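Structure at a glance
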Amino acid sequence: MIKSILRIAVVAALSIIGMIFLFSVEQEKDTAAFMLHVILDKTFAVGMFALAAVLYKHWATIDAWFIAYKKLCQDDID
């Protein structure tokens, strides 16, 4: 049970960090620094979302809570 809670917390934390970096606004006055920060922040956000998706896909096959969540979502779709 503790592993399931930690796995859910990891996926949630990665998603939240990704959203923070995705919606962050840069305050740089220099154009080059502004563009560098925008590109790095958005790339980091996409990386966080990708990592969360890969971990969810892996854990949805082995963790009981993720399996139950996936089944619940499939029941609502059908």
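Refer to the structure presented above.
Presented here is a report on the structure given in the accompanying data block.

Thresholds applied
Residues numbered from 1 in each chain as written. Predicted model: local features only at pLDDT ≥ 70, side-chain atom pairs only at ≥ 80, totals over all residues. Heavy atoms only, no water. Helix = DSSP H or I, 4+ residues; strand = E, 2+ residues; numbered from the N terminus. Expected span 1.5 Å × (residues − 1). Polar contact = N/O pair within 3.5 Å; in protein donor to acceptor, adjacent residues only side chain to side chain. Buried < 20%, exposed > 50% of the residue type's maximum accessible area, 1.4 Å probe, protein only. Arc of directions from axis to C-beta. Contact = heavy atoms within 4.5 Å. Phe/Tyr/Trp six-rings, centres within 6.5 Å; stacked < 30°, edge-to-face > 60°.

Brief notes about helix H3 (residues 64–77)
Under the 1.5 Å per step criterion, the end-to-end length of H3 is 20 Å for 14 residues, consistent within 8% with the ideal 20 Å. Of the residues flanking the start of H3, the one acting as N-cap is Asp63, its side-chain oxygen 3.2 Å from the backbone nitrogen of Trp65.

Focus on helix H1 (residues 2–23)
Residues spaced three or four apart along an α-helix face the same direction, because each turn holds 3.6 residues. Taking 1.5 Å per residue, 22 residues should reach 32 Å; H1 reaches 31 Å between its end C-alpha atoms and fits that length. Buried within H1 we find Ser4, Arg7, Val11, Leu14 and Gly18. One side of H1 carries all its buried residues, which in axial view fall inside an arc of 100 degrees. What points out from H1, more than 90 degrees from its buried face, is the exposed set Ile2, Leu6, Ile20 and Phe23. Of the surrounding elements, those touching the buried residues of H1 are helix H2 (31–59) and H3.

Quick look at the packing of aromatic side chains
The final tally for this structure, using the stated rule, is three aromatic pairs. Look at Tyr56 and Phe66: their rings are 5.4 Å apart centre to centre, the planes differ by 65 degrees, and that puts the pair in the edge-to-face class. Here Tyr56 is found in helix H2, whereas its partner Phe66 is found in helix H3, with ten residues between them in sequence. Overall, the relative accessible area of 25% leaves Tyr56 in the partly exposed class. A residue is classified by how much of its surface remains accessible, and Phe66, at 6% relative accessible area, is buried. Centre to centre, the rings of Trp59 and Phe66 are 6.2 Å apart; their planes meet at 40 degrees, and the pair counts as tilted. Here the aromatic cluster, defined as three or more aromatic residues joined through ring pairs, consists of Tyr56, Trp59 and Phe66.

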